[in-house]
Structures are given as C-alpha cells and as structure tokens.
Amino acid sequence: MLYLDKKILLQLCAVMAMLSLFSCKPDPETFAIHTPIYPGSGENVTFSLKKIDGNVENVKLYETVQAINASGAVTGTSATVLLQEWNNPGFPIQFVKSGGYASNRIVNYRFEVYGNDKHYTHDIKFATRPYPVSNQPAPVYIVGDINNVLNLVFIPDTDMNINTFYNAVKVDIDEVFHGEDYIRRFRNSYNFFINPFTGHAHDYDTETRDHEIPSNWDQLSFAQGKVILHNRDIRDFAEPDKLLFSAEHYVKGTLLHESGHNFYRLADEYGGGVHWQESELPNNWSSLSACQSAAAGRGMSSADAHQMGTSGWYKLCPASCVMESSGTAMHPYERPCRDRILYSILHRAGGE
Ligand SMILES: [Zn+2]
C-alpha cells in the first residue's frame, strides 16, 4: 500500500509540475469592440477581439438580437447563435456580420475566451441607429447595470461631422478606456452612450467657462460623465458640478485627464490647475506635512511629496501621471491616483 501511495504521489508531482509549466504562460487578457460603434440598419458590423497578453487556446463568438419599441421595451428576442469558433487563433480576431442588423435592435454579442484552463467572457450590448427611444442617449457599449458601473455619454459638438464623431467614439473606447494600463483592468465597469443631440464646448482661455449643454440634458443625470467631443483646437476644461467635460475628439490624453476629474474626483496635479483635497484617498493635499504623512500608505515615500508650482498644494504622483499630463500622448495613472480610481469603482459597484 505504501508503494502505491508513493506512486500516486509521484504522479501527482508530475501533474503539478506540468501545471506549473503551463502556468508559466501568462493568463489571457483580451478586449472586444465592434465597428461601427453605432451601426445603421443593414450596415456591415465587424466584431474584433484583440489580445494584450497571454495564452489563448479557443474563442467562440455568439450573438443574441432583441427588437425594441419606442419605449425601449423588448418586443422579441432571437435565439442565441454561434457566429464563429477559433482554435489557437492569431490576433486580432475579426468577424464581419455581413448586412448587419435592422433598426430598432439591441445586439448582444459575447466572446468566450479559453486559455490556461481559464474561461471568461466579454458580454457587450449595443443599439442600432436610429435608437427609437426619443430624447434618450443610445447605448453603444454596455457591459453592466447602469446603477453599478461608471456611465459615460459622448455628446457631439455642433462643429463635428457626425461620421467622424461616431468613429472617434469607437477609437476612444478602444484606445483610451481599454488602453490605459490601470483602468482597462476594469473593462466591466464602464458603459458608453451616444447622445442624439449636440452640445458646444467653450475655450477655457477665451470664452465663457460653461459649456453649452444639449437639449435633453435632464435625461443624462444617470451618467457619471458627459463629454462633448469637438473638432476645433481649444483649451478644454471640466465642470465637476455638472459631471461635464470637453475634449478634442482625437486627443486621447485630454479625454483621459478630464474624465479623471468626473469619474473619480481626481484633482489637477499641475500648478495653476484646480486643487482640492478629497476626504478619502486624495491625490492633492493642502499641506506638505499632510502629504508626507500620507505617503507610506499610498505606496510612495515622504520624499515624493512636493508642491505643485507655487500653488500651496502638494502631491505624491510623479510628473508622468495623467492628472499632470494631458494632450495627445496618453500617460498612465500613477499609484496615488490608482487608489482613488479603485475606491470610486468599488463605491459604484456598491450602488453609490
Ligand atoms: Zn496622479
């Protein structure tokens, strides 16, 4: 019996060695998107899955289509259909739905990803254009309950070509919110919408410091962020009391920076910006001593505490943090800002 036990033990060791060998391959990390982000009736739709890292052995793509009426109520649901399966795929994976979908539809697509003995899904919903519910923003990339995730409404500026705007929304979801190293870990925590009415962004330096809001503004109160995407080159700003901000549609760093104010109440990290100290996990402090004593708990050292210009306000993040650097380049969030982001997402998940 002892001999048998030893044999079993040896076999177990061999299995464990194999498992640890397999686990040397990184776990899969993938991102899904559809193009156009808000397709018209009959337009081809391309579903894409890109890989950031890891070992992907099998992918399946499914769709379910719902018909909706002018109240947004579901009037019919299709069977769930397997569109394609890939074994040991090269990336990016793409599938073209030729002829797309009719109007008045909500399309639910699901990539199931297998790798390293793990299995997870990307489960995404979008509306076809035009969205039949009047005055409401169209859901164009929905991953969670609106009460438990961060919701962002993209508003076209009066200066935008609408097709350029639609494409920019797709690029911004894909390359900003699924691009920044930290927030992309929370891909199931952000819903995106497109507003049917325009707004107009003002220049912080030369115009009145309030953006022109769209006519259905009262319908947007569910969203934690509303962004006016514009074409002209102006100095952007956020209006935190309205959860509203502006960004050039092609300037990713600015979009990320301004959304940081609205989604997580992160303050500016440059002298001459807008400074305040949040009671929980701030990224700005009103005194050097408070900033220094917070450092150890925020993964930094007290020597990292420094004044922002001559503002009388202090911070721990290095200059590379997105809350100091906006513009074309997209910088990562640094640890003190990451703490605040995680705090905000967890509070939303709890329904706050
Ligand atoms: Zn920061």
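What you see is a predicted model; the values in this text were computed from it and never measured. (Residues numbered from 1 in each chain as written. Predicted model: local features only at pLDDT ≥ 70, side-chain atom pairs only at ≥ 80, totals over all residues. Heavy atoms only, no water.)

Draft legend 1. Spotlight on the domain arrangement of the protein. For the protein, the assigned domains read domain 1 (25–134) and domain 2 (288–349). With centres defined by C-alpha atoms, the gap from domain 1 to domain 2 works out at 36 Å. (Domains from an automatic or database assignment.)

Draft legend 2. Region of interest: the pattern of salt bridges. What the rule picks out here adds up to 17 salt bridges. One salt bridge in this structure joins Arg184 and Glu29, with 3.7 Å as the shortest N-O distance. You can see Arg184 sitting in the loop between helix H2 (162–177) and strand E11 (190–194) and its partner Glu29 sitting in strand E1 (residues 29–35), a full 155 residues away along the chain. For Arg184, the salt bridge goes to Asp181, with nearest N and O atoms at 3.2 Å. Judged by relative accessible area, which is 13%, Arg184 ranks as buried. Each of Glu29, Asp181 and Arg184 takes part in a single network of salt bridges with overlapping partners. (Salt bridge = Lys/Arg side-chain N within 4 Å of Asp/Glu carboxyl O. Helix = DSSP H or I, 4+ residues; strand = E, 2+ residues; numbered from the N terminus. Buried < 20%, exposed > 50% of the residue type's maximum accessible area, 1.4 Å probe, protein only.)

Draft legend 3. Expanded view of the pairing of E11. The buried fraction of E11 amounts to 5 of the 5 residues, a majority that puts the element mostly inside the structure. Where burial is concerned, the two faces of E11 agree: the one with Tyr190, Phe192 and Ile194 and the one with Asn191 and Phe193 are both buried. Sheet analysis places strand E9 (residues 138–141) next to E11, joined by 3 bridges and oriented antiparallel. Residue Ala138 lies in a different strand from E11, and its bridge partner there is Ile194. (Pairing = 2+ DSSP bridges.)

Draft legend 4. Broad picture of the sheet that holds strand E13 (residues 238–239). Judged by pairing direction, the sheet is mixed, and its 6 strands sit side by side in the order E9-E11-E10-E12-E14-E13 without closing on themselves. Across the chains shown, the open sheet's two edge strands, defined by having one partner strand only, are E9 and E13. Against the sheet, H2 touches E9, strand E10 (150–156), E11 and strand E12 (225–230), its axis set at about 150° to E10. In the packing of helix H3 (residues 252–264) onto the sheet, the strands contacted are E10, E11, E12, E13 and strand E14 (244–248), and the crossing angle to E14 comes to about 170°. (Contact = heavy atoms within 4.5 Å. Axes fitted to C-alpha atoms, helices over the stretch in contact; angles between N-to-C directions.)

Draft legend 5. The arrangement of the coordination of the zinc ion in detail. Note on the zinc ion: its protein donors are Glu269 (OE), Glu269 (OE), Cys317 (SG), Cys321 (SG) and Cys337 (SG). The metal-donor distances range over 2.2 to 2.7 Å. Counting the intervening residues between successive donors of the zinc ion yields the motif E-x47-C-x3-C-x15-C. The pair Cys317 / Cys321 is uniform in exposure class, with both members buried. (Donors = N, O, S within 2.8 Å, 3.2 Å for Na, K, Ca; no water.)

Draft legend 6. Quick peek at the packing of H2 against H3. At a minimum axis separation of 10 Å, H2 and H3 run at an interaxial angle of 75°. With respect to their mutual orientation, H2 and H3 come out roughly perpendicular. The segment H2 lies against H3, with Val171, Asp172, Glu175, Val176 and Phe177 engaging Lys252, Leu255, Leu256, Ser259 and Phe263. (Parallel < 35°, antiparallel > 145°, perpendicular 65-115°, else oblique.)

Draft legend 7. View of helix H5 (residues 335–349). In this model, H5 (15 residues) spans 21 Å end to end at C-alpha, consistent with the 21 Å of a helix rising 1.5 Å per residue. Within H5, the full set of buried residues consists of Pro336, Cys337, Asp339, Arg340, Ile341, Ser344, Ile345 and Arg348. Downstream of H5 by one or two residues, Gly351 has phi in the positive range, about 90°. (Expected span 1.5 Å × (residues − 1).)

Draft legend 8. Representation of the packing of aromatic side chains within the structure. Using the criterion set out here, one finds 19 aromatic pairs in the structure. Between Phe177 and Phe192, the ring centres sit 5.3 Å apart and the planes meet at 50°, which makes this aromatic pair tilted. Of the two residues, Phe177 sits in helix H2 while Phe192 sits in strand E11, which places them 15 residues apart along the sequence. The pair Phe177 / Phe192 is uniform in exposure class, with both members buried. A ring pair is formed by Phe177 and Phe263, whose centres lie 6.4 Å apart and whose planes are at 65°; its orientation type is edge-to-face. In this pair, Phe177 sits in helix H2 while Phe263 sits in helix H3, placing the two residues 86 residues apart along the sequence. Of the residues examined, Phe177 reaches a relative accessible area of 1% and is grouped as buried. Within the aromatic cluster, the residues linked to one another by ring pairs are Tyr141, Phe154, Phe177, Tyr190, Phe192, Phe263, Tyr264 and Tyr333. If you follow Arg209 out to its NZ or CZ, it ends over the ring of Tyr204, 3.6 Å from the centre. (Phe/Tyr/Trp six-rings, centres within 6.5 Å; stacked < 30°, edge-to-face > 60°. Lys NZ or Arg CZ within 6 Å of the ring centre and 35° of its normal.)

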